Amino acid sequence: MLERRNVVSALLGTRGEMAVVTGLGSATYDVAAVGDHPRNFYLWGAMGGAASLALGLAMAQPETPVVAITGDGEMLMAIGTFCTIALQAPPNLSIVVLDNGLYGETGSQKSHTGVSDLAGIAKASGIAMIETVTTSSELDEIAASISLTAGGPRVYVVKVSQEPKPRVLPLREGAHAKARFREAFGLTAD
Amino acid sequence: MNVHPAEDAYHKWSRDIFDVLSDAKVRQVPYVPDGGHARLIELVDAHSAMRAIPLTTEEEGVALAAGAWLGGERAAVLLQSSGVGNCINMLSLIKICKFPLLMLVTMRGEWGEFNAWQVPMGSATADALGLMGVHVVRATAAEEVRQVVSNAALMAFQGGSAVSVLLSQRLIGAKAFLN
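Residues numbered from 1 in each chain as written. Chains lettered and ligands numbered in written order. Predicted model: local features only at pLDDT ≥ 70, side-chain atom pairs only at ≥ 80, totals over all residues.

## Considering the overall build of chain A
Operational definition: Each helix is a run of DSSP H or I of at least 4 residues and each strand a run of E of at least 2, with the numbering of both proceeding from the N terminus. Within these notes, the globule rule equals 2.2 Å times the number of residues to the 0.38 power, and the radius of gyration is based on C-alpha atoms. Placing C-beta atoms from the backbone, we regard two residues as in contact once those atoms come within 7 Å.
The secondary structure content of chain A amounts to eight helices and eight strands. The C-alpha atoms of chain A give 15 Å as radius of gyration, which agrees with the globular expectation for 190 residues (16 Å, within 12%). Principal-axis analysis of the C-alpha atoms places the extent of chain A at approximately 45 × 35 × 30 Å. Here the contacts in chain A between residues at least 6 apart in sequence split such that 76% fall between residues at least 24 apart.

Right under this line is the structure:
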């Protein structure tokens, strides 16, 4: 079974110019555990917003690979966003769902993905590049793909272990995170 | 083709909003459709530098507008008053990160409304936005639409504020609902 921290570390190891948006909870901590970066935008709330925020960013920055890293619970709240992404089809956008089948932040209640197939839903939504990932042998290839500004949008549903990991808490000051992110793109803070 | 005077006015203020958005260099226009926004959506769709983005629910548009701003583009979210209710928690993102936001809200449930199901959210729209820290302005007369939207855009994109423009049902009138 894949470990979520190893997965995120493998995907972001050679990130280059990539921009990363995280869904609240464990995905935010997983990305923080790899190391802070001014092109990271961490959500600490706004559940269901990671994929659509990444979509707006990807359309604004077509020369930048944009990756949303989120959990199955956060993605389930925005399941229609697969359809919204499919319609716009930005080639530089990837969504990585770390699917442990649990709401890990709130007491590890089972999520719907024990029954519902997120990759199947994404595919039926009209997103062409879909993969369910269960082994580490695929991770290098996925890391290379999500670094591209062509060939997307992509959705990777990565099945990960349910074992909880220590929290790694990144920047929580939202206005600062926003200004820092924009400055990393050569934009004004405000 | 003969154009009914009310339709003529509707086309005029829809064009006024479009011109304001275009002059403000708005590039992304996420929307859940509404009859009152139909003409504006057509204009946006026909414009090469602007992208009309259909949403499955309005809160997607709030997060999308934040993402656009992070990447250096401006967005305006088009929605109906009922959709404001769907945005409430996502407005936390706007408030906590101090994102600029421009929402154009066509009102239902407040003026000659034949569908009572629209009244609860229509009655609460302005208060709900206010509770989440979104500044509310309103346009009721066709002649004031350009000025109201223009000043809202200024507050959002120059001032960095979250602003919503309520387009009164009295303004939209029979055109959108009695066709």
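## Brief notes about the overall build of chain B
What counts here: Here exposure depends only on C-beta density: within 10 Å of a residue's C-beta, 20 or more other C-beta atoms make it buried, 12 or fewer make it exposed, and intermediate numbers make it partly exposed, the C-beta atoms being placed from the backbone.
The secondary structure content of chain B amounts to eight helices and seven strands. Its C-alpha atoms give chain B a radius of gyration of 15 Å, near enough to 16 Å, the size a compact globule of 179 residues would have. Overall, the C-alpha framework of chain B stretches about 45 × 35 × 30 Å when taken along its three principal axes. Taking all 179 residues of chain B together, 49% fall into the buried category. In chain B, 75% of the contacts between residues at least 6 apart in sequence involve partners at least 24 apart.

## Here we look at the sheet that holds strand S2 (residues 40-42) of chain A
Residue and element names in this part refer to chain A. Short version of the rule: Should DSSP find at least two bridges between two strands, the strands are taken to pair. Axis geometry follows a simple rule: fit a line to the C-alpha atoms, using only the stretch in contact for helices, then measure angles between N-to-C directions, giving values from 0 to 180 degrees.
Here six strands make up an open sheet; going across it, the order is S2-S1-S3-S4-S8-S7 and the pairing parallel. Where the open sheet ends on each side, the last strands, each with one partner, are S2 and strand S7 (129-133). Each neighbouring strand pair of the sheet contributes to a mean axis angle of 15°, computed without reference to strand direction.

## Section: the interface of chain B and chain A
The cut-off we apply is this: Ten residues, namely Ala, Val, Leu, Ile, Met, Phe, Trp, Tyr, Cys and Pro, are considered nonpolar, four, namely Asp, Glu, Lys and Arg, are considered charged, and the remaining ones, Gly among them, are considered polar.
Contacts between the two partners involve 28 residues from chain B and, on the opposite side, 29 residues from chain A. Within the residue set of the side of chain B that touches chain A, elements represented by two or more residues are strand S2 (51-54), helix H3 (58-70) and helix H5 (91-97) of chain B. With nine residues, H3 of chain B is the single largest residue contributor to the side of chain B that touches chain A. Here the side of chain B that touches chain A is built from residues that sort into 15 nonpolar, eight polar and five charged.

## Topic: unusual backbone geometry
Residues and elements named next belong to chain A. Cis rather than trans, the peptide bond between Gly 152 and Pro 153 has omega equal to 0°. Phi at Ala 89 takes a positive value of approximately 50°, unusual for a residue other than glycine. Take Ala 89: it is sitting in the loop between helix H5 (81-88) and strand S4 (93-99). Under the C-beta neighbour-count criterion, Ala 89 is labelled exposed, with 12 such atoms within 10 Å. A positive phi angle, near 60°, is found at Ser 108, a position not held by glycine. You can see Ser 108 is positioned in the loop between strand S5 (102-103) and strand S6 (109-110). Taking the number of C-beta atoms within 10 Å as the measure of exposure, Ser 108 has 13 and is therefore partly exposed.

## Description of helix H2 (residues 38-45) of chain B
Short version of the rule: Picture the helix axis, draw a direction to every C-beta atom, and the arc is the one those directions span.
All buried positions along H2 of chain B are accounted for by Arg 39, Leu 40 and Val 44 of chain B. With its buried residues spanning 140° around the axis, H2 of chain B presents them on a single face.

## Digging into the confidence of the model for chain B
In plain terms, the rule: For every residue, the predictor states its confidence as a pLDDT score lying anywhere from 0 to 100.
Overall, the predicted model of chain B reaches an average pLDDT of 94, with 94% of residues at or above 70. Within the model, the stretch residues 175-179 of chain B combines pLDDT values under 50 with six contacts to residues more than four positions away or in other chains.

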